[in-house]
Amino acid sequence: MRYRKKPVEIEAVQWTGENLEEIKRFAGNSLTYIEQHVIIETLEGCRMVNKGDYIIKGISGEFYPCKPDIFKATYEEVEE
């Protein structure tokens, strides 16, 4: 059998290393910043977010990091 991912709009912010306040507003209490490291609390536990990674807010309000190459292969920008 073959399956296709259902089209779902998500919210995401890319961590540039210089947009900490934007990331904090986006992820709220799910984010921890320790010694220049961003850590995001996911459903599977805490995950490190590297510069360039995207933080995605899932359809149930959960957060998780995503590598930029995977993000660009999976998602496209939606005009608001």
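A separate point is helix H1 (residues 20-27). The set of residues buried in H1 consists of Leu 20, Ile 23, Phe 26 and Ala 27. Looking straight down H1, one finds its buried side chains confined to an arc of 125 degrees; they lie on one side. Elements in contact with the buried residues of H1: strand E1 (11-14), strand E2 (31-34), strand E3 (37-42), strand E5 (54-57) and strand E6 (63-66). Phi turns positive, to about 55 degrees, at Gly 28, one or two residues after H1.

Turning our attention to the sheet that holds E5. The sheet built from three strands is open, its strands ordered E1-E5-E6 with antiparallel pairing. The open sheet has two edge strands, E1 and E6, and neither has a second partner. Sheet twist, expressed as the average angle between the axes of neighbouring strands with direction ignored, equals 25 degrees. Two elements, E1 and E5, share four bridges in a ladder whose sense is antiparallel.

Turning to the side chain of Thr 42, a few remarks are in order. The topology assignment puts Thr 42 in strand E3. The exposure class assigned to Thr 42 is buried, which follows from its relative accessible area of 9%. Reaching out from Thr 42, the side chain makes a polar contact with the backbone oxygen of Gly 45 at a distance of 2.5 Å. Residue contacts for Thr 42: discarding those within four places in its chain leaves Arg 47, Phe 63, Tyr 64 and Pro 65.

The next thing to look at is the packing of aromatic side chains. The tally for this structure, following the rule as stated, stands at four aromatic pairs. Plain terms: the ring middles of Phe 26 and Phe 63 are 5.5 Å apart, the flat faces sit at 80 degrees to each other, and that makes the pair edge-to-face. Of this pair, Phe 26 sits in helix H1 while Phe 63 sits in strand E6, placing them 37 residues apart in sequence. Overall, Phe 26 belongs to the buried group, its relative accessible area being 16%.

Inspection of every chain in the model, using the stated rule, returns zero disulfides. No disulfide involves Cys 66; its sulfur sits 18 Å from the nearest other cysteine sulfur, which is in Cys 46. What makes Cys 66 buried here is its relative accessible area of 10%.

In E3, alternate side chains face the same way, and those of Val 38, Ile 40 and Thr 42 are buried while those of His 37, Ile 39 and Glu 41 on the opposite face are not. One ladder, built from four bridges, connects E2 with E3; its direction is antiparallel. Note that in E3 the partner of Thr 32 across the bridge is Ile 39. Hairpin geometry of E2 and E3 is characterised by an intervening segment of two residues between the two adjacent antiparallel strands and by a positive phi of about 45 degrees at Glu 35. Pairing between E3 and strand E4 (residues 45-49): five bridges, direction antiparallel. Counterpart to Thr 42 in the pairing with E4 is Gly 45.

Rules behind the numbers
Residues numbered from 1 in each chain as written. Predicted model: local features only at pLDDT ≥ 70, side-chain atom pairs only at ≥ 80, totals over all residues. Heavy atoms only, no water. Buried < 20%, exposed > 50% of the residue type's maximum accessible area, 1.4 Å probe, protein only. Helix = DSSP H or I, 4+ residues; strand = E, 2+ residues; numbered from the N terminus. Arc of directions from axis to C-beta. Contact = heavy atoms within 4.5 Å. Pairing = 2+ DSSP bridges. Axes fitted to C-alpha atoms, helices over the stretch in contact; angles between N-to-C directions. Polar contact = N/O pair within 3.5 Å; in protein donor to acceptor, adjacent residues only side chain to side chain. Phe/Tyr/Trp six-rings, centres within 6.5 Å; stacked < 30°, edge-to-face > 60°. Disulfide = S-S within 2.5 Å.

Read these as layout, nothing more, since geometry by itself doesn't imply function.
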